[in-house]
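# Structural description and commentary
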Amino acid sequence: MRPNEKFEQNGRNGEHIITNGFCMPSLIMKKRDGGKLSRHEIEYFIRHVVKGNVQDGQLGAMLMAMFIRGLDDAETASLTRAMTHSGDVLKWPKEWKGSIVDKHSTGGVGDKVSLVLAPALAACGVKVPMVSGRGLGHTGGTLDKLESIPGFNVSLSHDDMLKVLEDVGCCIVGQTSNLVPADKILYATRDVTSTTECIGLITSSIISKKVAESLDSLVLDVKFGQGAFSDTEEMARQLATRMVKAGNRSGVKTEALLTDMNSPLGYMIGNALEVAESIDCLHGKGPKDLTELVKQLGGRLLASANKAPSLEKAFSMIDKTLHDGTAIAKFADMMKAQGVNADVADKLCAKDADVFEILPKSEHTTELKAKTSGYVHGIDAMKCAVVSGKLGAGRTKAGEAISPDVGLTLSVQIGDKIEEGSTWVTVHHNGELPIVLFEKISGAIDIKPDIKQTTGKVLGVITENISEQ
Ligand code: IUR
């Protein structure tokens, strides 16, 4: 017991726990009535959540009070800190200080950036201990995509991670059970109490997991649009600003990009399909939007870690790794270090390899044709995601199996000219393609006669004090 703790009892039996003079009902009341919780009060709350002392009703009530009243920057920083220290915090050799970097994306359709970014950064000499998610939703998460590679192991211990980082420079792994245990408890309760969409709670959930990786620099890809968590650029900007502040306050140099997710990233959506497109990108033959995003995110990390004299130079360093074979070589090394047979890894990464000799391929493909000629004004990311999900590329419940081989391959992107009767998307499916899905995907493309001007996907940068358009 700490010196000034009065007593602690098991609150699940109904007693009020009083520690440091706090008790849970009075903290809930304070937040309910619009008060600001102090750092000590938030630490008290999280400590007892993790100990299992907080009753379900109390936890739900506190989360609802936080949701309704909001959390200010100071409360968000305190919550982030308390959550970070609720479990293990990864430790790295001191020689790596300054060079440990990672990225977080709020998730999007066709978002395979991590698969390209981690090896490209490792090829530039930084360390990337990427702890990633499986993702609940229409399309699989980064781990699901990687698991479509035969043998790829995402369950590494901390010692395994250390070895892979020492030898290769990057790894992409799942969260170990004791990394930010408070988040698991809070997240599960947020899910069933309609308290998920709270900026302070989202921020502390995301940033605490990144701070627990003991990073020096972090870049966030905050997406907005039809296929994103944030509908509007303004929502994304608010979330990004809060996350950048919380990251910096936690001692991790943090910046964010605001990126458009109205249409899918790249041409391929689906697990094995996205691995294939990532391999193309690592060979310097990736889609322009994906390559640009990798350069922007990676360049910002290199500059933040003082590995480049300027941002421009940092962008070109990342680009170079995609063209000189060093990024794809790191990807092969990472696969081998994470369980993939060396021959398989080398075959997948060979120039002009047919990667679908190794990656799973769906039983059938169906091509959809343009009904009119013109210019592509829109490809609805949400419709693409829903169809991919229904084909089996994603999951709706944790633990559900996914199909690695299904998904969509687009033949066009926004702004492209298209002729009537030409294929605009190929659906990769197992069994018959249900008519409802055929109709849904048919409605995802918007072709108009006039030329469509395009902008890149990166529409803003948020740093601690400056927000650039
Ligand atoms: N991802 C997280 O890690 N935390 C959250 O709260 C959300 C997404 I929403």
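Since the structure is predicted, the reported quantities are computational estimates derived from the model, not experimental observations.

Below, the discussion takes up the packing of helix H12 (residues 288-304) against helix H13 (residues 311-323). To characterise two packed helices, one gives the angle between the axes of the helices and the distance between these axes. Relative orientation of the contacting elements H12 and H13 amounts to 125°, with a least axis distance of 8 Å. In this view, H12 runs oblique relative to H13, as classed from their interaxial angle. Relative to H13, H12 is oriented so that their crossing is right-handed. Judged by residue contacts, Thr 291, Val 294, Lys 295, Gln 296, Gly 298, Gly 299, Arg 300, Leu 302 and Ala 303 of H12 engage Leu 311, Ala 314, Phe 315, Met 317, Ile 318, Asp 319 and Leu 322 from H13. For the contact of H12 with H13, the class distribution of residues is 9 nonpolar, 4 polar and 3 charged.

Moving on, we get to the site of the ligand. Close to the ligand lie Tyr 187, Arg 190, Thr 196, Ile 202, Ser 205, Ile 206, Lys 209 and Phe 229. One of the side-chain N or O atoms of Arg 190 is found 2.9 Å from an oxygen atom in the ligand. At a separation of 2.6 Å, a nitrogen atom of the ligand approaches a polar side-chain atom of Ser 205. In the complex, 82% of the free accessible area of the ligand, which totals 280 Å², lies under the protein chains. Elements with a minimum of two residues in the shell around the ligand: helix H8 (181-192) and helix H9 (199-211). Taken together, the residues of the shell around the ligand break down into 4 nonpolar, 2 polar and 2 charged.

This next bit is on the packing of aromatic side chains. Summed over the entire model, instances satisfying the criterion amount to 1 aromatic pair. Centroid distance Trp 92 to Trp 96: 6.0 Å. Interplanar angle 25°. Geometry classified as stacked.

Before going further, it helps to examine the pattern of salt bridges. This structure, assessed with the given rule, holds 25 salt bridges. With a shortest N-O distance of 3.2 Å, Glu 43 and Arg 39 are connected by a salt bridge. Of this pair, Glu 43 and Arg 39 both sit in helix H2 (residues 39-51), 4 residues apart, roughly one helical turn. Among the salt bridges present, the one from Glu 213 reaches Lys 210, with a minimum N-O distance of 3.0 Å. No difference in accessibility class separates Glu 213 from Lys 210, as the two residues are buried. A cluster of three or more residues bridged by salt bridges with shared partners is formed by Arg 39, Glu 43 and Arg 81.

Calculation notes
Residues numbered from 1 in each chain as written. Predicted model: local features only at pLDDT ≥ 70, side-chain atom pairs only at ≥ 80, totals over all residues. Heavy atoms only, no water. Axes fitted to C-alpha atoms, helices over the stretch in contact; angles between N-to-C directions. Helix = DSSP H or I, 4+ residues; strand = E, 2+ residues; numbered from the N terminus. Parallel < 35°, antiparallel > 145°, perpendicular 65-115°, else oblique. Left-handed = near helix turned anticlockwise from the far one by under 90°. Contact = heavy atoms within 4.5 Å. Nonpolar A, V, L, I, M, F, W, Y, C, P; charged D, E, K, R; others polar. Near = heavy atom within 4 Å. Polar contact = N/O pair within 3.5 Å; in protein donor to acceptor, adjacent residues only side chain to side chain. Areas by Shrake-Rupley, 256 points an atom, 1.4 Å probe, with all protein chains shown as cover. Phe/Tyr/Trp six-rings, centres within 6.5 Å; stacked < 30°, edge-to-face > 60°. Salt bridge = Lys/Arg side-chain N within 4 Å of Asp/Glu carboxyl O. Buried < 20%, exposed > 50% of the residue type's maximum accessible area, 1.4 Å probe, protein only.

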